[in-house]
Amino acid sequence: MKKIGFNADKYLEEQSAYILERVNHYDKLYLEFGGKLVDDKHASRVLPGFMEDAKVKLLQKLKDQAEIVMCVYAGDIERNKIRGDYGITYDMDILRLIDELRAYDLAVNSVVITRYSGQPATKVFIKKLEMRDIKVYTYQEIDEYPVNVDKIVSDEGFGINPYVETTKPIVVVTAPGPGSGKLATCLTQLYHESKMGRIAGYSKFETFPVWNVPLKHPLNIAYEAATVDLKDVNMIDYFHYDYYHEMAVNYNRDLETFPVIKRIIERITGEESIFKSPTDMGVNRVGFGITDDEVVKEASLQEIIRRYFHTLCDFKKGLLDEDAVTGIKLIMEEVNLKPEDRKVVIPAHEYGDKLTLENNGEIVPVIAIELPNGKILTGKKSDLMASSAAMLLNAIKELAGIGDDIPLLSPVILNTIQELKEKELHSQITALSVNEVLIALSISAVTNPTAQVAFDKLTELKDTEAHSTVMLNKDDEQTLKKLGIEVTCAPIYPSDNLFYQ
């Protein structure tokens, strides 16, 4: 059973109370939400017990007083920037987030397109939103932002961009990823509110790094591993220490920009800022939800290894530069970790090497999974199915107590699917994918009680760990993740094919 190190209920209570306390100082609070608003899988991995939808549940507690504004940088739309966890572009992720928030009965006010200058793909996206009755605001890039405070806080700065009409005391400003313009949107709104004679405030809700755990705690180092492509570095908040004589952890970008943000806010409001440090600007209470520090440490160390493999694979795909690889290797050395400290790595590669040797040096992909009872099973690629599909069937058979000699799926059904792929759909890949095997299993479960027993065990794969000796194709990897399997891959292509893998 998964060990728990975090009290989600305590966190939600304390976090919502703290935000409401901050709201009391203003007519309106603009709350910049960093990280993932929905499905925060990183937080749930490093803080066992943290709910993936904790931020959404938090907003539900505040929904009578909160509305949501979403930001996306026009340049990210134009270059089709991808969210690695979902494999979709930022503009599509905006649509996904709106749908998910609506399902939670949360009000999405509008979408702000930042640094917009008429980019063609962005125009199409704006039209798509407007055709679905979603309000869209476009912000131009402000020259010399954020350094020229005199220009920025003027009609030629924030004033060139429109005011986003809002009606509730808390305005949550969120985005698909970093660099989307959340802070600039919040400050623009503060400028307009001040011009209209209203008292508005700004705060930041960023889960990581956790300000009230030590700088070199694995939890905070795991955040550095997760943002190695951004070159984020955790640091002691020296502003906080100088004023309060208390240690607090923040990261380099917030520390670098704090003085200018503080000046901008003071120029807008005409008053000295209540914030003495970047930590003061935050409202994050996640550190107070930790109940078992050792569990959190171990979970964070395992996350660092997962990030190591993800970084190497993204570098191999050309998505990251060599600096990211150097960075993640330095992090691994800092915490004295090796790739083999992930339990499923050695069994996968030992079996894969054995099969490759038997196959005259041709790679035979293998994937290993650690079941909830600690047992490690493998699956190998064959002419019939992909290694991940074979592993999945082996895992649920083991969980259901079904012998290896008992088939779950009829060969006739599997061969028919293969024939359809090859002859009718003209697919170059005939081995069955995870999705195809799951569909075959769900159909078989209707008439085959044994298949039904195995099918019911799929839910027990949540929070299991798996490792592949080669990089999986995107569809298989995403399906395993949807099942809750935390999968990593060695940075090796399964074949010499450039497109068909």
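All figures in this text were calculated on a predicted structure; none of them were measured in a lab. (Residues numbered from 1 in each chain as written. Predicted model: local features only at pLDDT ≥ 70, side-chain atom pairs only at ≥ 80, totals over all residues. Heavy atoms only, no water.)

Visitor: Quick one: what's the story with the overall build of the chain, residue by residue and with numbers?
Guide: Regarding its fold elements, the chain presents 20 helices and 14 strands. Across its three principal directions, the C-alpha atoms of the chain cover 75 × 50 × 40 Å. Here the contacts in the chain between residues at least 6 apart in sequence split such that 68% fall between residues at least 24 apart. Of the roughly 23,400 Å² of accessible surface on the chain, a fraction of 52% belongs to carbon and sulfur atoms. Placing the 58 positive and 78 negative side-chain charges of the chain at their respective mean positions leaves the two points 2 Å apart. (Helix = DSSP H or I, 4+ residues; strand = E, 2+ residues; numbered from the N terminus. Contact = heavy atoms within 4.5 Å. Areas by Shrake-Rupley, 256 points an atom, 1.4 Å probe, with all protein chains shown as cover. Lys, Arg positive; Asp, Glu negative; His and termini not counted. Charge placed at Lys NZ, Arg CZ, Asp CG, Glu CD.)

Visitor: Give me the lowdown on the state of the cysteines, citing residues and values where you can.
Guide: Counted under the stated rule, the structure contains zero disulfides. For the unlinked cysteine cysteine 71, the closest cysteine sulfur is that of cysteine 186, found at 7.1 Å. Given a relative accessible area of 0%, cysteine 186 falls into the buried group. (Disulfide = S-S within 2.5 Å. Buried < 20%, exposed > 50% of the residue type's maximum accessible area, 1.4 Å probe, protein only.)

Visitor: I'd like a rundown of the sheet that holds strand 6 (residues 136-138), residues and numbers included.
Guide: What the six strands build is an open sheet, ordered 6-5-2-7-1-8; its pairing is parallel. Only two strands of the sheet have a single neighbouring strand rather than two, namely strand 6 and strand 8 (200-205). Neighbour-to-neighbour, the strand axes of the sheet open up by a mean angle of 25°, direction not taken into account. Of the strand pairs in this sheet, strand 1 (residues 28-33) and strand 8 are connected by six bridges, and their pairing is parallel. Directly across from phenylalanine 33, in strand 8, lies its bridge partner phenylalanine 205. In the packing of helix 5 (residues 90-103) onto the sheet, contacts are made with strand 2 (66-73) and strand 5 (108-114), and the angle to strand 2 comes to roughly 170°. In the packing of helix 8 (residues 182-195) onto the sheet, contacts are made with strand 1, strand 2, strand 5, strand 7 (170-174) and strand 8, and the angle to strand 1 comes to roughly 170°. (Pairing = 2+ DSSP bridges. Axes fitted to C-alpha atoms, helices over the stretch in contact; angles between N-to-C directions.)

Visitor: Give me the environment of arginine 102: which residues, what numbers.
Guide: Examined against the element boundaries, arginine 102 turns out to sit in helix 5. For arginine 102, a relative accessible area of 48% corresponds to the partly exposed category. Sequence separation between arginine 102 and glycine 197 is 95 residues, and the spatial gap between their C-alpha atoms is 32 Å.

Visitor: How would you sum up the side chain of serine 433? Please name residues and give values.
Guide: Here serine 433 lies in the loop between helix 17 (411-424) and helix 18 (434-447). In this view, serine 433 contacts Ala389 and Asp476; residues no more than four positions away in its chain are not counted.

Visitor: Give me the lowdown on the packing of helix 13 (residues 293-316) against helix 14 (residues 322-334), citing residues and values where you can.
Guide: Closest axis-to-axis distance for the helix 13/helix 14 pair is 9 Å, and the angle between their directions is 160°. Put simply, helix 13 runs roughly antiparallel to helix 14. Taken as a pair, helix 13 and helix 14 cross one another with a handedness that is left-handed. Mapping the contact onto sequence places Ile304, Ile305, Arg307, Tyr308, Thr311, Leu312 and Phe315 in helix 13 and Glu322, Ala324, Val325, Ile328, Lys329, Ile331 and Met332 in helix 14. (Parallel < 35°, antiparallel > 145°, perpendicular 65-115°, else oblique. Left-handed = near helix turned anticlockwise from the far one by under 90°.)

Visitor: Mind laying out the packing of aromatic side chains, listing which residues take part and the relevant values?
Guide: According to the stated counting rule, one finds 12 aromatic pairs in the structure shown. Between tyrosine 11 and phenylalanine 50, the ring centres sit 5.8 Å apart and the planes meet at 40°, which makes this aromatic pair tilted. Linking tyrosine 11 in helix 1 (residues 8-23) with phenylalanine 50 in the loop between helix 2 (41-46) and helix 3 (54-61), this pair joins segments that are 39 residues apart in sequence. Look at tyrosine 11 and you get buried, because its relative accessible area is 2%. In this structure phenylalanine 50 comes out as buried when scored by relative accessible area, which is 5%. Consider the rings of phenylalanine 33 and phenylalanine 205, whose centres lie 4.6 Å apart with planes at 80°: the pair is edge-to-face. Of this pair, phenylalanine 33 sits in strand 1 while phenylalanine 205 is found in strand 8, placing the two residues 172 residues apart along the sequence. For the pair shown, phenylalanine 33 and phenylalanine 205 are each scored as buried. (Phe/Tyr/Trp six-rings, centres within 6.5 Å; stacked < 30°, edge-to-face > 60°.)

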